[in-house]
Amino acid sequence: MSQNKSPVYRIAPSILSADFARLGEELRSVIEAGADWIHFDVMDNHYVPNLTFGPMICSALKPHAKKADGTAVPIDVHLMVQPVDSLAAAFADAGADLISFHPDASGHVHRSVQAIKSKGCKAGLVFNPAAALDVLDWVIDDIDLILIMSVNPGFGGQSFIDSALRKIEQARKRIDASGKDIRLEVDGGIKLDNIAQVAAAGADTFVAGSAIFGKPDYRAVIAGMRTALAAT
Ligand code: DX5
Ligand code: ZN
């Protein structure tokens, strides 16, 4: 493992693969099953060729994003939209805790990051499979999260693209060199049988949609992922 100290891993189920007719119930079930964050995939049929949900759904779900003891579970909004800023602000108002966007979808990346942070949210940058990490040279000190796409954004249930592992290693080096507390999240094709390898490359936060919501027992999948992570 490339990290010096053992990381606190986070599992972030993507509700993209949940039953949309029962979203509140699905949120409560997956939190009860051990979800650390809720990953919220926002698609606009422009930046990506698919359309999901907007800030109204986020604010409707916000009251359900808590554990049985009342502890809030962070809502991790992944914006696959262009332009970025107005929807980012709307999601901040709708209860998002973290908001990430694709730098190639914003004309002014630094400004978009500051706009998210000025709303009291944590800000993240997302990198598509063929995107370079260079922009981090200029903004790593301003962000709280790096999200590496291990599929092309737009759909759940795709296969993990192996070159993401090299990119995770590179992102981990940049985070360690920055000395900052920045989460390294990976999104796409994460399953029980590859999560340990992704962690070994340096990731500490794992989005999983179909792997969790595609199985009847969410708790068993999340527990299996934690067991796999504990062995890294
Ligand atoms: C893809 C989304 C992912 C997706 C992951 O555009 O960003 O979050 O839901 O789904 P799985 O885990 O099924 O690959
Ligand atoms: Zn996502």
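The structure contained in this document is the topic of the report that follows. (Residues numbered from 1 in each chain as written. Chains lettered and ligands numbered in written order. Predicted model: local features only at pLDDT ≥ 70, side-chain atom pairs only at ≥ 80, totals over all residues. Heavy atoms only, no water.)

1. Notes on the sheet that holds strand S1 (residues 10-13)
Reading across from one edge, S1-S8-S7-S6-S5-S4-S3-S2 is the order of the eight strands in this open sheet, with parallel pairing throughout. Looking at strand neighbours, the two that pair on one side only are S1 and strand S2 (38-43), the edges of this open sheet. On average, each strand axis in the sheet is inclined to that of its neighbour by 25 degrees, with strand direction left out of account. Bridge count for strand S5 (residues 122-127) against strand S6 (residues 145-149) is four bridges, and the pairing is parallel. By the bridge assignment, leucine 125 is partnered in S6 with isoleucine 146. Each of strand S4 (98-101) and S5 is contacted by helix H4 (residues 109-118), which is oriented at about 145 degrees to S5, the strand it contacts most. (Pairing = 2+ DSSP bridges. Helix = DSSP H or I, 4+ residues; strand = E, 2+ residues; numbered from the N terminus. Axes fitted to C-alpha atoms, helices over the stretch in contact; angles between N-to-C directions. Contact = heavy atoms within 4.5 Å.)

2. Brief notes about the side chain of serine 100
Along the chain, the position of serine 100 falls in strand S4. Classification of serine 100 as buried rests on a relative accessible area of 1%. (Buried < 20%, exposed > 50% of the residue type's maximum accessible area, 1.4 Å probe, protein only.)

3. Description of the coordination of the zinc ion (ligand 2)
Here the zinc ion (ligand 2) is held by the protein donor atoms His39 (NE2), Asp41 (OD), His78 (ND1) and Asp187 (OD), which lie 2.0 to 2.3 Å from it. When the donors of the zinc ion (ligand 2) are listed by position in the chain, the intervening gaps give H-x1-D-x36-H-x108-D. Here the residue histidine 39 occupies a position in strand S2, and aspartate 187 occupies one in strand S7 (residues 183-187), the gap between them amounting to 148 residues. A single burial state applies to histidine 39 and to aspartate 187, both of which are buried. (Donors = N, O, S within 2.8 Å, 3.2 Å for Na, K, Ca; no water.)

4. Thoughts on the site of ligand 1
Around ligand 1, the structure places 20 residues, and the nearest of them are Asp41, Gly154, Asp187, Gly209 and Ser210. Between ligand 1 and aspartate 41, the relevant distance is 2.7 Å, taken from an oxygen atom to a side-chain nitrogen or oxygen of the residue. One of the backbone nitrogen or oxygen atoms of glycine 189 is found 2.8 Å away from an oxygen atom of ligand 1. The protein chains hide 100% of the 380 Å² of surface that ligand 1 would expose on its own. The set of elements that each furnish at least two residues to the shell around ligand 1 consists of S2, strand S3 (75-80) and strand S8 (205-208). Broken down by element, the shell around ligand 1 gets its largest block of residues, three residues, from S2. Residue composition of the shell around ligand 1, grouped by class: eight nonpolar, ten polar and two charged. (Near = heavy atom within 4 Å. Polar contact = N/O pair within 3.5 Å; in protein donor to acceptor, adjacent residues only side chain to side chain. Areas by Shrake-Rupley, 256 points an atom, 1.4 Å probe, with all protein chains shown as cover. Nonpolar A, V, L, I, M, F, W, Y, C, P; charged D, E, K, R; others polar.)

Honestly, that's just the spatial picture; any functional story needs more than this.
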